[in-house]
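Single-letter residue listing:
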Amino acid sequence: MSHSWSYIVSGIIFSLIGVYLFQRNIFETNRKVLLPMLVIIAGIVLMSMGFAKHLDLIK
């Protein structure tokens, strides 16, 4: 069960880092927001995988 929690925690960390990078880049000129959005999406995917493993929806 601890394996699913590691996915969830890493997903939360990825999402928070993505939000920080997005907030930092959005107010500067000539900065792209593609990378922060991809990091946020990666965090969401990791959290989804963790919750699915925790609920035994995937093995």
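Preceding this paragraph is the structure being described.
### So, the overall build of the protein
Link 1 in the chain: A tally of regular secondary structure across the protein gives two helices and zero strands.
Link 2 in the chain: Seen through its C-alpha atoms, the protein measures out along the principal axes to roughly 45 × 15 × 10 Å.
Link 3 in the chain: When each of the 59 residues of the protein is scored for burial, the buried share is 24%.
Link 4 in the chain: Sequence-distant contacts in the protein: of pairs separated by 6 or more residues, those separated by 24 or more amount to 62%.
Link 5 in the chain: Element-wise, carbon and sulfur atoms account for 73% of the exposed surface of the protein, whose accessible area totals about 4,500 Å².

### Some remarks on the pattern of salt bridges
Link 1 in the chain: As enumerated under the stated definition, the model contains one salt bridge in all.
Link 2 in the chain: Two residues, E28 and R31, come together in a salt bridge whose shortest N-O distance is 3.1 Å.
Link 3 in the chain: E28 gets classed as partly exposed once you look at its relative accessible area, which sits at 38%.
Link 4 in the chain: By relative accessible area, R31 is classed as partly exposed at 40%.

### Details of the side chain of S4
Link 1 in the chain: Mapped onto the fold, S4 is located in helix α1 (residues 2-26).
Link 2 in the chain: For S4, a relative accessible area of 4% corresponds to the buried category.
Link 3 in the chain: Among residues more than four places away in sequence, those in contact with S4 are G50, K53 and H54.

### Some words on unusual backbone geometry
Link 1 in the chain: Residue N30 is not a glycine yet carries a positive backbone phi of 60 degrees.
Link 2 in the chain: Counting through the fold element by element, N30 comes out in the loop between α1 and α2 (34-54).
Link 3 in the chain: Taking the relative accessible area as the measure of exposure, N30 reaches 81% and is therefore exposed.
Link 4 in the chain: One non-glycine residue with positive phi stands out, namely D56, at about 60 degrees.
Link 5 in the chain: If you trace the backbone, D56 turns up in the segment after α2.
Link 6 in the chain: You can call D56 exposed: its relative accessible area is 58%.

Criteria and cut-off values
- Residues numbered from 1 in each chain as written.
- Predicted model: local features only at pLDDT ≥ 70, side-chain atom pairs only at ≥ 80, totals over all residues.
- Heavy atoms only, no water.
- Helix = DSSP H or I, 4+ residues; strand = E, 2+ residues; numbered from the N terminus.
- Buried < 20%, exposed > 50% of the residue type's maximum accessible area, 1.4 Å probe, protein only.
- Contact = heavy atoms within 4.5 Å.
- Areas by Shrake-Rupley, 256 points an atom, 1.4 Å probe, with all protein chains shown as cover.
- Salt bridge = Lys/Arg side-chain N within 4 Å of Asp/Glu carboxyl O.

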